[in-house]
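# Structural features, examined
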Amino acid sequence: MCNLSKFFAFFLLSGITLLSCSSEPKVTLTEDVESYMMDNGIVKVRVSKVTGDLISFLYNGEEMFATTLAPDFVPETKGSEPADNPNWNDPSFTGAAHGYWSHNTVGVKGSAPARPSITINPSKNGGKMAEVSVKAISKGRRMGTGPGQDPAVGNLEVDIEIRYMLEQNAPGVYTYCIFTHPSDYGLGMFGEARHIMKLAPFFDWISVDKDVDLHYPKEYNAGDKYVYTANQSENPAFGWSSTTKNVGMFFINPSMEYMGGGPTKIEFLGHRDTNREAAPCVLNYWRSSHYGGAEVNIAAGEEWNKIIGPVFIYANSGDGHQAIYDDAKRRAKAEADKWPYEWVNGADYPKAQKRGSVKGQIVLNDVEAFTRFNNLNIGLTAGEYISPRPEGTPQVLTGWQRDAKSYQFWTRGNTDGTFEINKVRPGKYTLYAFSDGVLGEFQQTDIVVQAGKPLDLGTLTWTPVRKGKQLWEVGIPNRNASEFFMAEARRDPEVSLKYATLFPDDITFTIGKSDAGKDWFFQHVPHNTDPEAKAEPFYGVRTVGKAAPRTVAFDLSSAPSGKAILRFAICGTGTKNIDIAVNGKPAGQLNELPGDGVITRHGSQGIWYERDFEFDAAMMRAGTNTLTITVPEGPVNNGVMYDYIRLELKE
């Protein structure tokens, strides 16, 4: 009820309406020659009609972006309509000191202007919401001239539409990007693709996950930004807050369906800019090259489109950084509950009633006793495909870990293997599953999800691959190196140098006696011999170290015969090959290992893959045996991280 006297309340209860009780400001939308302004009384944002960038974000009157733009600035009129500005070659709003998509609507210099429009007019819905669009047609020219790209060349032919929506009483704005590649466009290969916010100088506390939630003023900006990476799917709300103004600014991903790399993807979520201004940055990568990366390659003649978002750019306030971060995480859950948003129209974005669901139960059939799943991940993805490349280049098989071209839908299964994946776009998928404690992954192809229909897959039997009798194992198959010694110190840029100090004689790990959490260093790197060696920001330790053998000692009750299979699950690679010896005799080499920069950039997981190494079991004997894995001489970065190692015997 309004703040009225009891007298007026009497009339209200009698059915007589004297005035409206609504005190919420309505959304307004205004424009000038180069920008749109949307305002709901809490948030006021300004969008460039030239670039599609978000060039101002006022929260309760406070500018949240790193910008010198005055709130009342009006650009000089260069024509009676926005498109009269000749090819948008001289816009008033330039640079990237605000919020922007890396693939914005500015094509190469001298090409056609963007097409701004109002897609939801608040004057037609009672001031409930407003939405604006800036669209660029790429026919005959390349888009993607933002940071990391050559503005004279661009990145690829792809149509780009960027939208922003402001809702009544909402402390933030939604943004999404619609990419379209018609059939008459050529080969397209996305570079780095993300949305970035550069924030005002008063932001000094970064919160991206439980381990990176710390005071980070400008004067501390002397380190390596790669120490602030985190798992994307586990952190849907991430950003910065201010310890002086008690406000926060966050990206919120209400869904991970549009993100690349699946549930194990490690990525930048925030850091300080690597220039003198050192602006606080929040980054929402949907495709990147970090930690093995993901890719979006579209073949010439291929029809393709994808919507990234809507993402919620959320501003809040509270009593200290912890309260602000906790509130952002609560808001992320509320946004996820609303997904898919009913207000999105005019795009390939199925509403809830047009999406399907998939459920079932995975049952493990293994020689080892197994009763309960731990950290069971189940997803629907595009499956493996040959990624388009220029003629003459090697073919590359792309799976879900490196795919950002398609949509992915993942959930966490229950301990009994039951699962349900909801809000799935109609289409044909491959079902994948992996779990801690189980080597490999389950997959089933040709899963067809129909609009508005549930799909019950029933019982799915997962029989993990075993090539022989298990003799021993090191670690836990869990797609990372977290259970090994010093893994918790991965963010220390000098940690690779500590290996030589902690293990001056390298490692001998005795099966049945040694402890992986104490005796197996999480990185297997060349042994540093230079006492002056240091890590360089962004490059890690480039000092050359000597070859580092790592020996596993084990007992056998009798002399074996047949084939021995040494099975590796690898979660981080910086070397091309490793040598293997059995009882002091060379047995061969694992080679052509795919690099992912995880050691260089202070991670504990990157692209996960399996490699098998077979050797004659007669190289082993009754009694004590040794198996030695050697990383060759080279830069200390050039090592490997194991998820898990197992020796099997096929007699």
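For the structure given in this document, a descriptive report is provided here. Remember, predicted model here, so these are calculated numbers, not experimental data.

Another point: the overall build of the chain. If you tally the helices and strands in the chain, you get four helices and 42 strands. Taken against the 2.2 N^0.38 rule, which gives 26 Å for 651 residues, the C-alpha radius of gyration of the chain at 28 Å falls within 12% of a compact globule. In terms of its C-alpha atoms, the chain occupies a principal-axis envelope of roughly 95 × 55 × 55 Å. Burial statistics for the chain: of 651 residues in total, 55% are counted as buried. Expressed as a percentage of contacts within the chain between residues at least 6 apart in sequence, the contacts between residues at least 24 apart total 73%. Counting every atom, the chain has about 27300 Å² of accessible surface; 49% of that belongs to carbon and sulfur. If you average the places of the 66 positive and of the 77 negative side-chain charges in the chain, the two averages end up 3 Å apart.

On to the sheet that holds strand 7 (residues 115-120). Overall, antiparallel pairing links the nine strands, which are arranged 7-8-9-10-22-17-16-13-14 in an open sheet. Every interior strand has two partners, whereas the edge strands, strand 7 and strand 14 (213-215), have only one. Averaged over all pairs of adjacent strands, the angle between their axes in this sheet comes to 15 degrees, without regard to strand direction.

Here we come to the pairing of strand 40 (residues 623-631). Where strand 35 (residues 548-556) meets strand 40, nine bridges bridge the pair, whose relative direction is antiparallel. Among the inter-strand pairings, phenylalanine 554 is bridged to a residue of strand 40, identified as asparagine 625. Note that strand 37 (residues 578-582) and strand 40 share four bridges and pair antiparallel. Each bridged residue has a counterpart across the sheet, and for aspartate 579 the counterpart in strand 40 is threonine 630.

The next subject is the side chain of glutamate 131. Relative to the helices and strands, glutamate 131 resides in strand 8 (residues 129-136). Separated by 2.7 Å, the side chains of glutamate 131 and threonine 119 make a polar contact.

With that out of the way, let us pick up the environment of glutamate 192. Following the sequence through the fold, glutamate 192 ends up in the loop between strand 11 (188-189) and strand 12 (193-198). Between the C-alpha atoms of glutamate 192 and tyrosine 285, which are 93 residues apart in sequence, the distance is 7.8 Å.

Criteria and cut-off values
- Residues numbered from 1 in each chain as written.
- Predicted model: local features only at pLDDT ≥ 70, side-chain atom pairs only at ≥ 80, totals over all residues.
- Heavy atoms only, no water.
- Helix = DSSP H or I, 4+ residues; strand = E, 2+ residues; numbered from the N terminus.
- Rg over C-alpha atoms; globule rule 2.2 N^0.38 Å.
- Buried < 20%, exposed > 50% of the residue type's maximum accessible area, 1.4 Å probe, protein only.
- Contact = heavy atoms within 4.5 Å.
- Areas by Shrake-Rupley, 256 points an atom, 1.4 Å probe, with all protein chains shown as cover.
- Lys, Arg positive; Asp, Glu negative; His and termini not counted.
- Charge placed at Lys NZ, Arg CZ, Asp CG, Glu CD.
- Pairing = 2+ DSSP bridges.
- Axes fitted to C-alpha atoms, helices over the stretch in contact; angles between N-to-C directions.
- Polar contact = N/O pair within 3.5 Å; in protein donor to acceptor, adjacent residues only side chain to side chain.

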